Amino acid sequence: MRILLIEDNTELANAISEYFGHIGHPLDWCESAESAEKLLAYQSFEMLILDINLPGKSGFQLLKQLRAKGDEIPVLVLTARAEVDDRVSALDIGADDYMVKPFDFRELAARCRALLRRERGSASNQIVCGNLSYDASTAAVTLHGAQIDLRHREIQLLELLLNNLDHVLTKEQIADRLYRFDEAYTPNAIEQVLTRLRKKLAGSSLHIKTIRGLGYLAHVDD
Amino acid sequence: MWMISGRYSLRKRLLSGTAGLMLGVLLVLSAGVWQYANRTADISYDRLLTGSALAIIERIRSRNGQVEVDLPYAALDILSLAPDDKVYYVVSGPDKQYLTGYRDFPSPERYTPSASPVFYNTDYLNESIRAVVVSKRLDDPGVSGWVEVRIGQSRIARNSLSNEILLGEIAVLVLVITLALASLAFGINRTLFPLNQLSRTLRERRADEMGPLPDTDIKEVKPLIASIDQYRTRLQSNLDMMQVFIADASHQIRTALSSVQAQLDMAEMEHDKDKLQNRLTLIRNQHRKLTRLTNQLLTHALVAHRRDTNQFQPVKLDTLLSAILTSEVRDHADSSIEFNYSNTQRDLTIDADPVSLRECLRNLIDNAIKYGPENNSITLGIDVEAEQVSIFVEDEGPGIPDEMLQRAVLRFERIETGKNTLGSGLGLAIANTVTEAHGGQLHLSNRQPHGLRVELVLPRRRI
């Protein structure tokens, strides 16, 4: 994966570069929004890690420009400001995720993987979540490299969850996708499908959390 | 009462208000005095005119079918009391027949002949004239009808008399009003003296001098001094709390920093790879605590700042709370903690500061996770009543001993220095500040069989 890091603090940028290189994802680094613009003009990247507080043009301005041009590249925003408003406005102007400094490198890498997974999942049929992978064209699910057998509804539910990682799905949303309107189902039915799916995926990097009163949320922990 | 805009001086306002009022009174009284002076002058000089006219008319008689006038010298002599004034007269017989005097001296409009004198004002030879007309009926054979005497006098003496009266009266009025204003100014200065003294006392005080202000015997100033004293007491207690808070925070931060420093120093000397790894783990844990502490301190400062700047807007609670819970679940998806959401009023919107509320609830949930068991069950929800809405966070952790609940409420602004309670104290301090900013109350209670319920009871309408 090609990631561009835009960060003016040399120590932090070096440490992030080193860490990503260490885990097998070397990244490119530039120090300002202006030089990032030049790089983006003739090279393609899969995602940006963007610091907000930059000398010269701010990260916000760069992000706004990109979105105004219709560039959909995933952007993870880094902010050091104590002002919590930053987090909200970053999402408002089109950041896909944000992290507040200081942060855990493992967490940063996980968030990057999650963004890339979403991006690649929509581009190809193959979704890889740590030790779990799913091929949408063949409906094949492998865990630790071994194929596992899933029933039709379990596969439907898994695909729905994988396409909505880190987002809450209500029971109604799941029912709409799993059952046709003329099929009768009990509220318990979804819970049962989910229980079987959890059992079959035990030990995988995919966590499916039930939030009683709200819905379901799938998160990959790799 | 008129609107007061900008700065103004109480003294100037009182004085200018009263002076304006007095000027008005002076104008009304002057008009009255002017009337009075004119009337007095008219009455005096009209008497002379009447006397003169009657003296003339007395001497008109008929003889042999002819009207005769024997103009008495005395009649005009009366009028010489006003030596500078000119006198005009005309005498006419029955059927307006001219007898003697100034032929074209005007008569009053619509005059019905009568034996009683009638006064009128007119102009003659470019002068303003005061005149009287009086008539007498002659009923002799041959001569029958009204004879008439008109006599007029210019106004020089009359006017000078009326001016004399007017000026005298106005001089007295001005003197009285000047005296009244002077004594009022003196009175106002005396009344405002306690205020001046109070500001001098406050100005000369040192910032850290906290005793009550010197008492006053003036009933109207007492409440002001009492309010200032109360305000200073509150300010002082805030300052005291802040000082304790800063002292505790510095202590905590320095301790954590020196512990990291110590571990780093030791790590540098460590040659055994496994032991080095252990040291690094310790450093990481210390650092994580330090980060959390710093974040909480900054958040506390942030919500306190936002409380003072009042950043309220309509907030749909369902959207805010489910977003908070979603991000918490995502961050703790690999744990076995159960998360629940309890909200039956999905459309409820209240006036609130969403940023402060989010920080506060995140901290409360983080507290619940940090101090609760691995299989904790945490519920974020709201209870809605007619006047208020409670946003609550419940957990199944150890709770707070009942005897400590009260103390926890009292000591929100203070970081607990006991083991493991540091973050909790700060989290509650944040929650308390946010709740207060929303005009609500923070409630803590223990749950059965165990667990803590932290509840932000907020009014539905903004105060």
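Residues numbered from 1 in each chain as written. Chains lettered and ligands numbered in written order. Predicted model: local features only at pLDDT ≥ 70, side-chain atom pairs only at ≥ 80, totals over all residues. Heavy atoms only, no water.

1. Remarks on the overall build of chain A
Regarding its fold elements, chain A presents 8 helices and 12 strands. Relative to its 222 residues, chain A shows a buried fraction of 45%. Summarising the internal contacts of chain A: among those between residues at least 6 apart in sequence, 57% fall at separations of at least 24. Roughly 10,900 Å² of accessible area belongs to chain A as shown, and the carbon and sulfur atoms make up 50% of that amount. (Helix = DSSP H or I, 4+ residues; strand = E, 2+ residues; numbered from the N terminus. Buried < 20%, exposed > 50% of the residue type's maximum accessible area, 1.4 Å probe, protein only. Contact = heavy atoms within 4.5 Å. Areas by Shrake-Rupley, 256 points an atom, 1.4 Å probe, with all protein chains shown as cover.)

2. A word on the nonpolar core
In terms of nonpolar packing, the biggest core is built from 42 residues, with B:Phe339, B:Leu357, B:Leu361, B:Leu364, B:Ile391 and B:Leu456 touching the most fellow members. For this core, the element with the most residues is helix 7 (residues 354–371) of chain B, which contributes 7 residues. Contact partners of B:Ile391, with chain neighbours within four places excluded, come to B:Leu317, B:Leu321, B:Leu357, B:Leu361, B:Leu380, B:Gly381, B:Ile382, B:Val454, B:Glu455, B:Leu456 and B:Leu458. Listed in part, the 30 residues of the second largest apolar core include A:Leu132, A:Leu165, A:Leu169 and A:Leu178. (Core = buried A, V, L, I, M, F, W, Y, C linked by side-chain atoms within 4.5 Å.)

3. Points about the UniProt feature "modified residue: 4-aspartylphosphate" (unreviewed entry) in chain A
Residues and elements named next belong to chain A. Feature annotation in UniProt assigns "modified residue: 4-aspartylphosphate" (unreviewed entry) to the following positions: Asp-51. Turning to its location among the elements, Asp-51 is positioned in strand 3 (residues 47–51). In contact with Asp-51, not counting residues within four places along its chain, are Ile-6, Glu-7, Asp-8, Gly-59, Leu-78 and Lys-101. (UniProt positions renumbered as here; feature names shortened; annotations may be inferred.)

4. Quick look at the sheet that holds strand 11 (residues 206–212) of chain A
The sheet built from 8 strands is open, its strands ordered 10(A)-12(A)-11(A)-9(B)-11(B)-12(B)-14(B)-13(B) with mixed pairing. Both edges of this open sheet fall to strand 10 (168–169) of chain A together with strand 13 (441–446) of chain B, since each of them pairs with a single strand only. As paired strands, strand 12 (residues 388–394) of chain B and strand 14 (residues 452–459) of chain B are joined by 7 bridges and run antiparallel to one another. Paired with B:Ile391 across the strands is B:Leu456, a residue of strand 14 of chain B. In the packing of helix 8 (residues 187–200) of chain A onto the sheet, the strands contacted are strand 11 and strand 12 (215–220) of chain A, and the crossing angle to strand 11 of chain A comes to about 150 degrees. (Pairing = 2+ DSSP bridges. Axes fitted to C-alpha atoms, helices over the stretch in contact; angles between N-to-C directions.)

5. Considerations on a nonpolar patch on the surface
All names here are of chain B. Nonpolar side chains collect at one region of the surface, where Tyr-8, Leu-10, Leu-14, Leu-195 and Leu-224 lie side by side and expose about 420 Å² of accessible area between them. As for its position among the elements, Leu-10 is in helix 1 (residues 10–58). Given a relative accessible area of 40%, Leu-10 falls into the partly exposed group. (Patch = residues over 30% accessible without salt bridge, like charges linked within 9 Å, V, L, I, M, F, W, Y side chains within 5 Å. Salt bridge = Lys/Arg side-chain N within 4 Å of Asp/Glu carboxyl O.)

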